[in-house]
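Structural description and commentary
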Amino acid sequence: MPRLTLSLIAMLLLCPLAGAKEISVTPNTIANAASQLNAGDTLLLQAGRYTAPIKLWKRKGTAAAPIVIRAAKGATVVLDGSDALDGLTWTKHKANIYKATLDADISQLFCDGKMMTAARWPNAHMTDEHFFNKNAAMRVHKVNVAPIGTIVDADASAARKHGSYEPLPEGRTNTQSLAASGIDATGCVAVMNIGSWMTFASRVTAHKPGESKFTYDATFADADANLRRIANELHPGKRFAKMNTNYWHDHYYFLEGLPCLDAPREYWYDHKTKTLYFCSPDGKSPARHALRGKRRDYMLSINQSLRVKVSGLDFIAAGFAINDSLHCTFSDAALYAPTHNKFQLGKLGNFNLSRVWNRRGGKSPATTGNVIRNCRFSFLDGEALYIHGRDTLVENCDFRNVNYS
């Protein structure tokens, strides 16, 4: 047989792309496309807003022929964890606050493409200049005068007397006292930076308008088991008790709930009645705006897979999860508001985060070889990226406006 023929046969047998296919999809045709991917295949996403999650399960590429998921050249691809809230019947609740009934729960509201703020006191929005300065966006708890289960309100200037590292900005808006606010905080969510570096959320059990203190559920019943375990250590005689009773660390708090709704861009969703309350940015009927509600945590999940490369996809109101997978690369993505708490759904504990997670092998996390590169994470709650596993590379990423609560 001629040498040229032998060489051609060898090339065909060894070529890693032999039989590889490119699957081009749109938002209307993407369903189940990921389940067709094998080594060397490419899932090519055309421009558009995708609301059907991409899920890979036990898909395996090779070093020479990885599985590729990417945006088409020049295409803007958005994976969106929210749904349009169209056709709602809005009625006026009071002043510039409107309300409407939803057919399904939401955990976050977006108006004209921007995240809104859950109704809170003191008023603050993540785009505010001093939002992450606790002395500008929160109130202070007088630690020495109340045990666990009680908050006594004070101004941030009180914290300055005890060596707070953050300044008191000019023009700050958190100078109003709880007593002067006129709010009845009963039933609200109290987000409390008690226990030194630890922050907990619990339900306000008793408060009256004009009072400077309130009680909250010290059992943290609406949190998850892990947070309840940690919070239990704040009680007298427990491991973290001194952090809550001694004033060696400033303690802060803010409130969330319908009674706090009084400013443009604020909303509240009552999951028990499926009622959405909203004060739009211009104070006019929300029907004038394009509204979307977050309903999905992950728009991309890679599970028990090998050598998958994802690039050029943007995320809104949702993140991604790489679970028990090796040598995967996630790159060139912008994630806007990918994670948010579930307070408005009655869940005050941990919530789903963008993550790279591998089970423990023996006494240490398993080696992953995964890469997160050239990504931006912005305007979100919780950690921007949770990593469990050795040899995970995070390179040239931008994290900003992180950890709302």
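Residues numbered from 1 in each chain as written. Predicted model: local features only at pLDDT ≥ 70, side-chain atom pairs only at ≥ 80, totals over all residues. Heavy atoms only, no water.

With respect to the secondary-structure elements, Met138 resides in the loop between helix 2 (134-137) and strand 14 (139-141). For the pair Met138 and Gln304, spaced 166 residues apart in the sequence, the C-alpha separation amounts to 43 Å. The contacts of Met138, once residues within four sequence positions are left out, are Arg120, Pro122, Asn174, Val191, Tyr252, Tyr253 and Phe254. (Helix = DSSP H or I, 4+ residues; strand = E, 2+ residues; numbered from the N terminus. Contact = heavy atoms within 4.5 Å.)

Let us now look at empty space enclosed by the protein. In total, this model carries one cavity of 30 Å³ or more according to the counting rule given. Roughly 30 Å³ of internal volume is contained in the largest cavity. Classifying every residue of the lining of the largest cavity gives five nonpolar, three polar and no charged. (1 Å grid on protein atoms, 1.4 Å probe; cavity = no way out; pocket = protein on both sides within 12 Å on 5 of 7 lines; lining within 4 Å. Points joined across faces, edges and corners; volume = space filled by probe spheres on them. Nonpolar A, V, L, I, M, F, W, Y, C, P; charged D, E, K, R; others polar.)

The subject of this paragraph is unusual backbone geometry. The omega torsion of the bond from Trp121 to Pro122 falls at -5 degrees, within 30 degrees of zero and hence cis. The topology assignment puts Pro122 in the loop between strand 13 (120-121) and helix 2. Positive phi is not limited to glycine here, since Ala337 has a value of about 50 degrees. As for its placement among the helices and strands, Ala337 is situated in the loop between strand 28 (334-336) and strand 29 (355-357). Overall, the relative accessible area of 0% leaves Ala337 in the buried class. (Buried < 20%, exposed > 50% of the residue type's maximum accessible area, 1.4 Å probe, protein only.)

We now examine the pattern of salt bridges. Throughout the structure, instances matching the rule amount to 17 salt bridges. Notably, a salt bridge pairs Arg295 with Asp103, separated by 3.7 Å at the nearest N-O pair. Taken together, the residues Arg295 in the loop between strand 22 (291-294) and strand 23 (298-303) and Asp103 in the loop between strand 9 (97-101) and strand 10 (109-111) connect sequence positions 192 residues apart. By relative accessible area, Arg295 is classed as partly exposed at 28%. For Asp103, a relative accessible area of 69% translates into the label exposed. Between Lys274 and Asp105 there is a salt bridge, and its shortest N-O distance comes to 3.1 Å. Here Lys274 is found in the loop between strand 20 (266-270) and strand 21 (275-279), whereas its partner Asp105 is found in the loop between strand 9 and strand 10, with 169 residues between them in sequence. Take Lys274: its relative accessible area is 30%, and that puts it in the partly exposed class. Beyond isolated ion pairs, a larger network of salt bridges with shared partners links Asp83, Asp103, Arg295 and Arg296. (Salt bridge = Lys/Arg side-chain N within 4 Å of Asp/Glu carboxyl O.)

The parallel open sheet is built from seven strands, whose spatial order is 1-2-5-24-27-32-35. Looking along the sheet, the strands with just one partner apiece sit at the ends: strand 1 (22-25) and strand 35 (393-395). Direction aside, the axes of adjacent strands within the sheet are offset by 10 degrees on average. In terms of strand pairing, strand 32 (residues 371-373) meets strand 35 through three bridges, oriented parallel. Its bridge partner lying in strand 35, Val371 is registered against Leu393. (Pairing = 2+ DSSP bridges. Axes fitted to C-alpha atoms, helices over the stretch in contact; angles between N-to-C directions.)

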